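Working through the structure, step by step
Read off the chains here:
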Amino acid sequence: REEGNFSLERTAMDRTTKLIDEHLALGGHLCIFPEGTLNSSSTQLLPFRAGGFQFAIRHDMEIWTVVNAGSQECWPLGDLLGGGPARIDLSVVKVCTSARETAELLA
């Protein structure tokens, strides 16, 4: 498979989208990984995919970011199993209160 290219089964995706929309309509939360794939670099972000953000816009949700640093020390690239001793720092920041308003400003 080429990096960044993947296929999906449209019927399964539509079913999953419906379930996520129902969950969010009931006040649920959603966590996405906007790069859409595992990133093998600890120093460079991959481009974000827009798909997951559509849920936040459609349901006018807050958007938060969680950044971790140090997980590559705990689970080095190529190791089958991680869990070694490491310091992992997390930073959690609210990006916006209204995904819909932010999308309109950025459009």
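Refer to the structure presented above.
Predicted model only: the values in this text are computed from it and were never measured.

On to the overall build of the chain. In terms of regular secondary structure, the chain is built from four helices and two strands. Ordered by position in the sequence, the α and β elements of the chain form the string α-α-β-α-β-α. Scaling as 2.2 N^0.38, a compact globule of 107 residues should have a C-alpha radius of gyration of about 13 Å, whereas the chain reaches 16 Å, well beyond that. Taken along its principal axes, the extent of the C-alpha atoms in the chain is 40 × 35 × 30 Å. Residues counted as buried form 12% of the 107 residues belonging to the chain. Sequence-distant contacts, at least 24 apart, represent 54% of the contacts inside the chain between residues at least 6 apart.

Its place among the elements puts serine 98 in the loop between β2 (89–96) and α4 (99–106). At 2.6 Å, the side chain of serine 98 forms a polar contact with the side chain of aspartate 60. Beyond its immediate sequence surroundings of up to four residues, serine 98 is in contact with Asp60 and Met61.

Right, let's talk about the side chain of glutamate 35 for a bit. Checked against the element boundaries, glutamate 35 lands in the loop between α1 (10–25) and α2 (51–58). Within the buried set, glutamate 35 has no salt-bridge partner at all; the shortest N-O distance to an opposite charge, 9.5 Å, is to arginine 49. Within polar-contact distance, the side chain of glutamate 35 engages the backbone nitrogen of leucine 46 at 2.5 Å. Beyond its immediate sequence surroundings of up to four residues, glutamate 35 is in contact with Leu45, Leu46, Pro47, Phe48 and Arg49.

According to the stated counting rule, one finds four salt bridges in the structure shown. Here aspartate 21 ties to arginine 58 by a salt bridge, and the two come within 3.2 Å at their closest N and O atoms. With aspartate 21 in helix α1 and arginine 58 in helix α2, the pair connects residues that are 37 residues apart, well separated along the chain.

With seven residues, the main nonpolar core is built from Leu24, Phe55, Ala56, Met61, Ile63, Cys96 and Ala99. Not counting chain neighbours up to four residues away, the residues in contact with isoleucine 63 comprise Phe53, Ala56, Val93, Lys94, Val95, Cys96 and Ala99.

All told, the structure shown has one aromatic pair when counted by the stated rule. Judged by centre distance (6.3 Å) and plane angle (25 degrees), the rings of phenylalanine 48 and phenylalanine 53 are stacked. The exposure class assigned to phenylalanine 53 is partly exposed, which follows from its relative accessible area of 24%.

Quick notes on the rules
- Residue positions within a chain follow its written sequence, with the count starting from 1.
- Only residues with pLDDT of 70 or above have their local features reported here, since the model is predicted, and side-chain atom pairs are shown and tallied only from 80 upward, although totals for entire chains, interfaces and linings are computed over all residues.
- Each side-chain value is worked out from all heavy atoms of the structure, with water and hydrogens disregarded.
- Helical segments are the DSSP runs of H or I of at least four residues, strand segments are the runs of E of at least two, and each set is numbered from the N terminus.
- We compute the radius of gyration over the C-alpha atoms and compare it with the globule rule, which gives 2.2 Å times the number of residues raised to the power 0.38.
- Remark: exposure states derive from per-residue accessible area (1.4 Å probe, protein chains only) relative to the maximum for the residue type, with buried under 20%, exposed over 50%, and partly exposed in between.
- Here, two residues are considered to be in contact whenever any of their heavy atoms come within 4.5 Å of each other.
- Pairs of N or O atoms are called polar contacts if they sit within 3.5 Å, as long as, within protein, a hydrogen donor faces a hydrogen acceptor (for residues adjacent in sequence, only side-chain-to-side-chain pairs).
- A residue counts as positive if it is Lys or Arg and as negative if it is Asp or Glu; His and the chain ends are not included.
- Throughout this description, the term salt bridge denotes a Lys or Arg side-chain nitrogen within 4 Å of a carboxyl oxygen of Asp or Glu.
- In plain words, nonpolar cores are sets of buried Ala, Val, Leu, Ile, Met, Phe, Trp, Tyr and Cys residues tied together by side-chain atoms within 4.5 Å.
- Note on aromatic contacts: the rings of Phe and Tyr and the six-membered ring of Trp form a pair at centre separations within 6.5 Å, being stacked when their planes are under 30 degrees apart, edge-to-face when over 60 apart, and tilted otherwise.

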